[in-house]
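Remarks on the overall topology
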Amino acid sequence: MLLEGKTVLVTGASAGIGRAVAIGCAQHGADVALNFARDVDGAQAAVAEIEKLGRRALAIQGDVADPETATDFVAQAADKLGRVDVFVNNAGICPFHAFLDMPVETFERTMRVNLHGAYFMVQAAANQMVKQGDGGAIIAMSSISALVGGEYQTHYTPTKAGLHSLMQSVAIALGKHGIRCNSLFPGTILTDINKDDLADAEKRRYMEGRVPLGRLGQPEDLVGPTVFLASDLARYVTGASLLVDGGAYVNLQ
Ligand SMILES: NC(=O)C1=CN([C@@H]2O[C@H](COP(=O)(O)OP(=O)(O)OC[C@H]3O[C@@H](n4cnc5c(N)ncnc54)[C@H](OP(=O)(O)O)[C@@H]3O)[C@@H](O)[C@H]2O)C=CC1
Ligand SMILES: C[C@H](O)[C@@H]1OC(=O)[C@H](O)[C@@H]1O
């Protein structure tokens, strides 16, 4: 069990990638604390699945855009599960919208959830790890969108590039504490975040056609890469990023 004895915190874990990663970490031996914003049933169902695996789990509600959610989440997780070994910053939104008439509130909300929220969460988790004194691992769910643009994602792609940049800087700031910080770059993964966008059959076929491995991703495709970066197998990996995109990024023509 690669994560035996470790406590993992995951934000945005009531659905999609966060939920799959939370359950996947438990399958590899971890106890897990889950943050979520609205979906109480989804969060409770994930907790139940983790408990069925014989691991401890805890769901704590809070909007990551509020800096107090970060200190509350980390404090409650440390109090109830004992410590924080791994922090996965996953919560994110992508309300697709054109650039020229982007509503100010859509732009600001996307920044606050995806980037500001990550900053305060990572800071709170890192402070707890420093207090514990024996290192840790921080993983940001960035995106292939940190490297490439999207016509209806002009507010979103900068948050993903920003997340990757944050991991690079905190890898330096936290290296002396033995805390490793890395980014995952998922490609297109089938979740609620893109359900409407991919409801257009022609667009979905086009997106599938861009993937050398021949399919769009599933949330569970992120489990292995997350567990690897969280585990001691990655003990000399920090400031790095890993594409999990079926090869889409390199497929120019
Ligand atoms: N799907 C994809 O193709 C890709 C996704 N990503 C990234 O992966 C991450 C997860 O996305 P994905 O699983 O697809 O999305 P989903 O929409 O399926 O899940 C999003 C999760 O984030 C939670 N969440 C949303 N807003 C907040 C908030 N303000 N505070 C706390 N939790 C919140 C949701 O909880 P609730 O419903 O309870 O509010 C939900 O659990 C995102 O950061 C996304 O940018 C990166 C690359 C590709
Ligand atoms: C939500 C999109 O389908 C998804 O989000 C990302 O970060 C990927 O680049 C895809 O565009």
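Here's a quick rundown of the structure. (Residues numbered from 1 in each chain as written. Chains lettered and ligands numbered in written order. Predicted model: local features only at pLDDT ≥ 70, side-chain atom pairs only at ≥ 80, totals over all residues. Heavy atoms only, no water.)

**Quick notes on the side chain of Ser183**
Note the threshold: Helix and strand definitions follow DSSP, with helices as H or I runs of at least four residues and strands as E runs of at least two, each counted in order from the N terminus. For every residue, the accessible area (1.4 Å probe, protein chains only) is compared with the maximum for its type, and the residue is labelled buried under 20%, exposed over 50%, or partly exposed between those bounds.
Here Ser183 lies in strand β6 (residues 179-186). On the basis of relative accessible area, Ser183 is assigned to the buried category, the value being 1%.

**Brief notes about the site of ligand 2**
What counts, and what does not: Near, as used in this document, describes a residue that has one of its heavy atoms within 4 Å of the molecule or strand being considered. In protein, a polar contact means a hydrogen-donor-capable atom and an acceptor-capable atom, both N or O and within 3.5 Å, with residues adjacent in sequence counting only if both atoms are side-chain atoms; elsewhere, any N or O pair within 3.5 Å suffices. Using the Shrake-Rupley algorithm and a 1.4 Å probe, accessible areas are obtained, with residue cover drawn only from the displayed protein chains. As a working rule, the residues Ala, Val, Leu, Ile, Met, Phe, Trp, Tyr, Cys and Pro are called nonpolar, Asp, Glu, Lys and Arg charged, and the rest polar, with Gly in that last group.
All residues adjacent to ligand 2 are Phe96, Ser143, Ile144, Ser145, Gln153, Tyr156, Gly187, Thr188, Ile193 and Asn194. At 2.5 Å, a side-chain N or O of Ser143 approaches an oxygen atom of ligand 2. At 2.6 Å from an oxygen atom of ligand 2 is found a side-chain nitrogen or oxygen belonging to Tyr156. The fraction of the free accessible surface of ligand 2 (290 Å²) that becomes covered by protein chains is 88%. Looking at the shell around ligand 2 residue by residue, the class counts come to four nonpolar, six polar and no charged.

**What to know about the site of ligand 1**
Around ligand 1 sit 33 residues, and of these Ser14, Asp39, Asn90, Tyr156 and Thr191 come closest. In the environment of ligand 1, an oxygen atom lies 2.8 Å from a nitrogen or oxygen atom belonging to the backbone of Ile17. Every element with two or more residues in the shell around ligand 1 is listed here: α1 (16-27), β2 (31-36) and α4 (104-132). Each residue belonging to the shell around ligand 1 can be placed in one class, and the counts come to 14 nonpolar, 13 polar and six charged.

**Some points on the pairing of strand β1 (residues 7-10)**
Put simply, the rule is: With its strands directed away from the observer, a crossover is right-handed exactly when the path from the first strand over the helix to the second travels clockwise. Note: two strands are recorded as paired if DSSP finds a minimum of 2 bridges between them.
Burial along β1 is two-sided: Thr7 and Leu9 and Val8 and Val10, pointing in opposite directions, are all buried. Where the polypeptide runs from β1 across α1 and back to β2, its parallel neighbour, the crossover connection is right-handed. Inspection of the sheet shows β1 paired to strand β4 (residues 86-89) by three bridges, in the parallel sense. Bridge pairing in β4 places Leu9 opposite Phe87.

**With respect to the environment of Ala26**
We apply this condition: Between two residues, a contact is recorded if the distance between any of their heavy atoms is within 4.5 Å.
Checked against the element boundaries, Ala26 lands in helix α1. Using a relative accessible area of 2% as the deciding quantity, one classes Ala26 as buried. The sequence separation of Ala26 and Glu49 amounts to 23 residues, and the corresponding C-alpha distance is 9.2 Å. Non-local contacts of Ala26, meaning those with residues more than four positions away in its chain, are made with Val32, Ile50, Leu53 and Arg55.

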